[in-house]
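Descriptive structure summary
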Amino acid sequence: MKHLKNLFLAILVLNLVSCSDDDDSNGNGNFDSTDVTALTSAVSNATWRITQFIDDGQDETSDFDGVIFTFNADGSIDVEDGMDAFTGTWTVELDDSDYDDDDDLDELEFEISFSLSNDFDDLSEDWYVIEYSTNRLRLREDDDDDDDDDLLTFEIIQ
């Protein structure tokens, strides 16, 4: 009986120690209007790079090597790839559409728009936020036409 008690306590301690408290991140999908403000503030006026881009199941991250994104507070995006500069727009809003029919929670939407017919056109989507923090933004675009979800991850450049 003593061994069972010690085993239970050990498991409890391991669970408590392995859990982390990340106050500047929301990855639970339970978003509200404060997340719109927090995410907008987190990404504004900082420089970001793409660390993952999966398009229709294909890893296309390398298409954006060396590309720097600046999400400006006025809703514009400045993009530099070392040779050229591009602009686009971005917004953050709550979307209570039928993206997630399993619950009544609002989804946090991160919309990116470029009027280009190149690799940046692939980024022009209404992305759904998986999680965000002050240094990372993970997005998902659910395409009902196929089984492959698109994934996009931005990380801040230090």
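Now for a description of the structure that goes with this document. (Residues numbered from 1 in each chain as written. Predicted model: local features only at pLDDT ≥ 70, side-chain atom pairs only at ≥ 80, totals over all residues. Heavy atoms only, no water.)

1. As for the pairing of strand β1 (residues 47-55)
Note the following rule: Pairing between strands is defined by DSSP: at least two bridges between them are needed. Where helices and strands are cited, they refer to DSSP runs of H or I of at least four residues and of E of at least two residues respectively, numbered from the N terminus.
Bridge count for β1 against strand β3 (residues 68-71) is two bridges, and the pairing is antiparallel. Residue pairing across strands places Trp48 opposite Phe69, the latter belonging to β3. Of the pairings in the sheet, the one linking β1 to strand β9 (residues 150-156) comprises six bridges and is antiparallel in character. Bridge pairing in β9 links Trp48 to Ile156.

2. Examining the packing of aromatic side chains
The test is simple: Here a Phe, Tyr or Trp ring, Trp counted by its six-membered ring, pairs with any other such ring whose centre lies within 6.5 Å, and the pair is stacked when the planes are under 30 degrees apart, edge-to-face when over 60, and tilted otherwise. Exposed residues in this analysis have more than 50% of their type's maximum accessible area, buried residues have under 20%, and partly exposed residues fall in between, with area computed by a 1.4 Å probe over protein chains only.
Tallying each qualifying case throughout the model produces twelve aromatic pairs. Between Trp90 and Phe110, the ring centres sit 5.5 Å apart and the planes meet at 25 degrees, which makes this aromatic pair stacked. Placement of the pair is Trp90 in strand β5 (residues 85-95) and Phe110 in strand β6 (residues 107-113), with a sequence separation of 20 residues. Residue Trp90 is classed as buried on the basis of its relative accessible area of 4%. A residue is classified by how much of its surface remains accessible, and Phe110, at 0% relative accessible area, is buried. Following the ring pairs from residue to residue traces out a cluster consisting of Phe53, Phe64, Phe69, Phe71, Phe86, Trp90, Phe110, Phe114, Phe120, Trp127 and Phe154.

3. Some remarks on the nonpolar core
For the record, the criterion: Residue types Ala, Val, Leu, Ile, Met, Phe, Trp, Tyr and Cys, when buried and joined through side-chain atoms within 4.5 Å, form a set referred to as a nonpolar core. The contact criterion used is simple: two residues touch if any of their non-hydrogen atoms lie within 4.5 Å.
Core analysis: the biggest nonpolar cluster contains 30 residues, and Phe69, Phe110, Leu123 and Phe154 have the highest contact counts within it. Once residues lying within four places of it in the same chain are set aside, the contact partners of Phe154 are Trp48, Arg49, Ile50, Phe69, Phe71, Ile112, Asn135, Arg136, Leu137 and Leu139.

4. A short note on the environment of Asp106
As for its position among the elements, Asp106 is in the loop between β5 and β6. Asp106 sits 13 residues away from Glu93 along the chain, and the two C-alpha atoms are 9.7 Å apart.

5. As for a negative patch on the surface
Worth spelling out the cut-off: Residues enter patches when they are more than 30% accessible in relative terms and free of salt bridges; like-charged ones are connected within 9 Å and nonpolar ones (Val, Leu, Ile, Met, Phe, Trp, Tyr) within 5 Å. What sets the accessible areas is the Shrake-Rupley method with a 1.4 Å probe; for residues, cover comes only from the shown protein chains. Salt bridges are defined by distance alone: a side-chain nitrogen of Lys or Arg within 4 Å of a carboxyl oxygen of Asp or Glu. Just so you know, the count uses Lys and Arg for positive and Asp and Glu for negative, and it drops His and the chain ends. Every charge is mapped onto a representative atom, which is NZ of Lys, CZ of Arg, CG of Asp or CD of Glu.
Residues Asp59, Asp63, Asp65 and Asp119 make up a contiguous surface patch of negative charge. Assignment of secondary structure puts Asp119 in the loop between β6 and β7 (125-132).

Function-wise, these values are silent; they only describe arrangement.
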